[in-house]
Amino acid sequence: MKKKENTKLNRSWMAAFSVATTAFAAHAGGGFATGNQENTWFVSLGWPAIVGVAVAMLLLAMTIREGQIMMNSRGLKTYKELFECLYHPLDKLELLFELFFNIMVLMVVASCISGAASALTQYFGLNYYLGTFVIGLVVLFLTIFGVDLIRRASTYMGVVILVLAVSIYTVGLLNGHNLLDVMRVDFSAHGWSQLPKAVWNGVTYSAFQWVTVPAILVCGTSVLKTKQDCDRSMALTFTLNMLGLGLAVLMLLCWQHYYLTQPNGTTLPTLTTLKSFGANWLVALYGLVLFLCLISSAVCVIFGFVNRFENVKFLQKVENVPVRRALVSAFIMVVSMGISFVGLTNVVKYGYGYCGYLGIAIIIVPLLTIGFYKNRKFMKENSQDAKVSFEEAYEKN
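Residues numbered from 1 in each chain as written. Predicted model: local features only at pLDDT ≥ 70, side-chain atom pairs only at ≥ 80, totals over all residues. Heavy atoms only, no water.

*Asks:* Teacher, can you tell me more about helix H10 (residues 195–208) here?
*Replies:* Three- or four-residue spacings in an α-helix give side chains the same orientation, since the helix completes a turn every 3.6 residues. In this model, H10 (14 residues) spans 20 Å end to end at C-alpha, consistent with the 20 Å of a helix rising 1.5 Å per residue. When we look at burial in H10, the residues that qualify are Ala198, Asn201, Gly202, Val203, Thr204, Tyr205, Ser206, Ala207 and Phe208. (Helix = DSSP H or I, 4+ residues; strand = E, 2+ residues; numbered from the N terminus. Expected span 1.5 Å × (residues − 1). Buried < 20%, exposed > 50% of the residue type's maximum accessible area, 1.4 Å probe, protein only.)

Listed below in structure tokens is the structure:
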């Protein structure tokens, strides 16, 4: 009996880990990998940056948890059903999330394309169009073969990205200005004045990151069997994202004095910083991280879009499912390429920012209030404690 319980526990943690690494891989997109996102939303605020990061990752993990429990406990299949359940009896408010999600899909895929164009050209002298074509093919392949491939691919990419990113950011942190001195000088100059802005940026950041969440929730529906599984998954999601984003922000804080003075320094702060080390091996590892980040984020975001629209009536005429998914993926990538021409910094600052404000009102606040209340009430009424599987609860009722 004890061996069976241990096996069940190990499976629970493995399932939680696979979803958490998928969430990290989705979060670690082009804006994250280039450092542009960290610089725009956190580093520019000085020492309170790390507070903003903690707020962002905590809110993201908490809201994903409520969304996952709501989906899994009720057997929901898409984000449309999730938000109809959340907003019920005002089901049509779900259209607000549709607006947010569709705009953010374009922004995120555009940032991946723009990041690829900016970084790969500097890295390898690769032609812009050739680079985006190659990345487009990889993303297209991964998004047309279903949730199991997405989860496996994102798990592997997430682990590799995390290990390499932690290594790179640690080396950068150790080679930069003393972190405590940097934070002490900044505090002497600005005191607590930037703290409210850092907290607000953290809330906004968590909101626009929800563009990656529909794919994460779909991946979690088949492997997170109980509320306890969801709790473990979200604890790991917070830990991994806090580790990756936190280290990136701390490293860039130590190098802000340098990259701000360099050409393209604010567009590609991480690459600009690493090139100053004179360590070719570190720059090469970063190239791998950048490529994986661009792929992983684009895959998760586009898959969430594909999962929502692959079964619409208009596309039912296409009987081959992979072909149908390929058409949806190709459409969103072509439209995003047009947006990418406005530049990575503008996409991150303005596109993400305005969508983040909308996301606070329609995602963060409702899930942490109405969603929390509805989940607690539903679990209590259906006799579902943390360890009772959602399937067992269906059978009992």
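*Asks:* Would you mind going over the packing of helix H11 (residues 213–221) against helix H14 (residues 280–309) with me for this structure?
*Replies:* Between two packed helices, what matters for the description is the angle formed by their axes and the separation of those axes. Following both chains from N to C, one finds H11 and H14 inclined at 75 degrees, their axes separated by 7 Å at the closest point. Of the possible angle classes, the one that applies to H11 and H14 is roughly perpendicular. Contacts from Pro214, Ala215 and Val218 in H11 reach Cys300, Phe303, Gly304 and Asn307 in H14. Class assignment for the residues of the contact of H11 with H14 results in 5 nonpolar, 2 polar and no charged. (Axes fitted to C-alpha atoms, helices over the stretch in contact; angles between N-to-C directions. Parallel < 35°, antiparallel > 145°, perpendicular 65-115°, else oblique. Contact = heavy atoms within 4.5 Å. Nonpolar A, V, L, I, M, F, W, Y, C, P; charged D, E, K, R; others polar.)

*Asks:* Any chance you could explain the nonpolar core here in plain terms?
*Replies:* Note on soluble globular proteins: their nonpolar side chains tend to be buried together. Membership of the largest hydrophobic core comes to 95 residues, with the highest contact counts inside it found for Phe42, Phe83, Phe97, Phe100 and Trp210. Broken down by element, this core gets its largest block of residues, 15 residues, from H14. Ala26, Val218, Cys230 and Phe303 belong to the second largest nonpolar core, which has 15 residues in total. (Core = buried A, V, L, I, M, F, W, Y, C linked by side-chain atoms within 4.5 Å.)

*Asks:* Explanation requested: the environment of Gly202 in the structure shown.
*Replies:* Mapped onto the elements of the fold, Gly202 is located in helix H10. Through-space distance from the C-alpha of Gly202 to that of Leu60 is 9.6 Å; in sequence the pair is 142 residues apart. The residues touching Gly202, leaving out its near neighbours within four places in the chain, are Phe42, Gly52, Val55 and Ala56.

*Asks:* Mind showing me how you'd approach the packing of aromatic side chains here?
*Replies:* Here a ring pair, both rings aromatic, is described through the centre-centre distance and the interplanar angle of the planes. Tallying each qualifying case throughout the model produces 18 aromatic pairs. Between Trp41 and Phe208, the ring centres sit 5.2 Å apart and the planes meet at 50 degrees, which makes this aromatic pair tilted. Within this pair, whereas Trp41 is found in helix H3 (residues 36–41), its partner Phe208 is found in helix H10, the two being separated by 167 residues in sequence. The same class applies to Trp41 and to Phe208, which are both buried. Aromatic pair Trp255 and Tyr258: ring centres 6.1 Å apart, planes at 85 degrees, arrangement edge-to-face. Taken together, the residues span about one helical turn, with Trp255 and Tyr258 both in helix H12 (residues 227–259) at a distance of 3 residues. For Tyr258, a relative accessible area of 25% gives the class partly exposed. Among the aromatic residues, ring-to-ring pairing joins Tyr79, Phe83, Tyr87, Phe97, Phe100, Phe101 and Trp210 into one connected group. The ring of Phe378 is capped by Arg74, whose NZ or CZ atom sits 4.1 Å from the centre of that ring. (Phe/Tyr/Trp six-rings, centres within 6.5 Å; stacked < 30°, edge-to-face > 60°. Lys NZ or Arg CZ within 6 Å of the ring centre and 35° of its normal.)

*Asks:* Sorry, what's going on with the side chain of Gln209 here?
*Replies:* Note that Gln209 resides in the loop between H10 and H11. Non-local contacts of Gln209, meaning those with residues more than four positions away in its chain, are made with His27, Gln37 and Leu60.

*Asks:* Help me understand a nonpolar patch on the surface in this model?
*Replies:* Judged by side-chain polarity, Leu130, Phe133, Val134, Leu137 and Val138 come together as a nonpolar surface patch covering roughly 420 Å² of accessible area. Along the chain, the position of Leu137 falls in helix H7 (residues 128–143). The exposure class of Leu137 is partly exposed, given its relative accessible area of 46%. (Patch = residues over 30% accessible without salt bridge, like charges linked within 9 Å, V, L, I, M, F, W, Y side chains within 5 Å. Areas by Shrake-Rupley, 256 points an atom, 1.4 Å probe, with all protein chains shown as cover. Salt bridge = Lys/Arg side-chain N within 4 Å of Asp/Glu carboxyl O.)

*Asks:* Sorry, what's going on with the pattern of salt bridges here?
*Replies:* One side chain can pair with another of opposite charge once the charged atoms of both are near each other. Enumeration according to the criterion identifies 5 salt bridges in this entry. In this structure, the salt-bridge partner of Asp181 is Arg184, at a minimum N-O distance of 2.2 Å. Placement of both Asp181 and Arg184 in helix H9 (residues 179–190) is noted, with a separation of 3 residues, approximately one turn of the helix. Taking relative accessible area as the criterion, Asp181 reaches 37% and is therefore assigned partly exposed. The exposure class of Arg184 is partly exposed, given its relative accessible area of 49%. Linked by salt bridges that have partners in common, Arg65, Glu66, Lys227 and Asp231 make up one network.

*Asks:* I tried to follow the packing of helix H4 (residues 49–74) against helix H5 (residues 79–87) on my own but got confused; where do I start?
*Replies:* Running from N to C, H4 and H5 cross one another at 100 degrees; their axes reach a closest spacing of 10 Å. In terms of axis orientation, H4 runs roughly perpendicular to H5. Along the contact surface, H4 presents Gly67, Met70, Met71 and Arg74, while H5 presents Leu82, Cys85 and Leu86. For the contact of H4 with H5, the class distribution of residues is 5 nonpolar, 1 polar and 1 charged.

*Asks:* Is there a simple way to think about the environment of Met379 in this case?
*Replies:* Tracing the backbone through its elements, the reader meets Met379 in helix H16 (residues 344–381). On the accessibility criterion, Met379 (6% relative accessible area) is buried. Each C-alpha atom of the pair Met379 and Met70 lies 9.6 Å from the other, and the pair is 309 residues apart in sequence.

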